[in-house]
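Below are the chains, spelled out letter by letter.
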Amino acid sequence: MLTVASEVEVLVRFGRALADPIRCRLLLALREAPAHPSDLADRLGISRTRLSNHLACLRDCGLVVTVPVGRRTRYELADARFGHALDDLRTAVVAVETDRTCTNAEDKDCC
């Protein structure tokens, strides 16, 4: 049964997806055009197993959907507005201070 996520839940899911560089690259690739997993793995230069795990995460977050095409499965963004949101985020200017307040940024993989 499908349900509609709340505004906050949508942002949390989007944030979870964007927290990983591979998932970011996947979303940007799917922003350009729907694709089959094997093509995405080749394009991103990662194993199909690793890709499968990331696609499962994006599916669970509700950001991508599968479309059966014959015996194969194609992936695409669940909503075209996600592509627009990615464009806005990608082109946004982020002000970053050189003196980080988080002293363990590299260890924590944050900031």
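Now for a quick tour of the structure.

Cut-offs used in this document
- Residues numbered from 1 in each chain as written.
- Predicted model: local features only at pLDDT ≥ 70, side-chain atom pairs only at ≥ 80, totals over all residues.
- Heavy atoms only, no water.
- Pairing = 2+ DSSP bridges.
- Helix = DSSP H or I, 4+ residues; strand = E, 2+ residues; numbered from the N terminus.
- Expected span 1.5 Å × (residues − 1).
- Buried < 20%, exposed > 50% of the residue type's maximum accessible area, 1.4 Å probe, protein only.
- Arc of directions from axis to C-beta.
- Contact = heavy atoms within 4.5 Å.
- Core = buried A, V, L, I, M, F, W, Y, C linked by side-chain atoms within 4.5 Å.

## Some details on the pairing of strand E2 (residues 72-77)
And then number 1: Note that strand E1 (residues 64-69) and E2 share 6 bridges and pair antiparallel. Across the sheet, Val-69 pairs through a bridge with Arg-72, a residue of E2.
And then number 2: What sits between E1 and E2 in their antiparallel hairpin is a turn of 2 residues, with Gly-70 showing a positive phi close to 65°.

## Observations concerning helix H4 (residues 48-60)
And then number 1: With 13 residues, H4 should cover 18 Å at 1.5 Å per step; its first-to-last C-alpha distance of 18 Å lies within 8% of that length.
And then number 2: If you check which residues of H4 are buried, you get Leu-51, His-54, Leu-55, Cys-57 and Leu-58. The buried residues of H4 occupy an angular sector of 155° when projected down its axis, which confines them to one face. Residues Thr-49, Asn-53 and Asp-60 are exposed on H4 and point more than 90 degrees away from its buried face.
And then number 3: Buried residues along H4 sit against helix H1 (7-18), helix H2 (21-32), helix H3 (37-44), E1 and E2.

## Here we look at the nonpolar core
And then number 1: Leu-26, Leu-27, Leu-40 and Leu-63 are the most contacted members of the largest nonpolar core, which totals 23 residues.
And then number 2: For this core, the elements supplying multiple residues, two or more each, are H1, H2, H3, H4, E2 and helix H5 (80-91).
And then number 3: Broken down by element, the residue count for this core peaks at 5 residues, all from H2.
And then number 4: Contacts of Leu-63, omitting those with residues within four sequence positions, involve Arg-13, Phe-14, Ala-17, Leu-27, Leu-58, Glu-76, Leu-77, Ala-78 and Phe-82.

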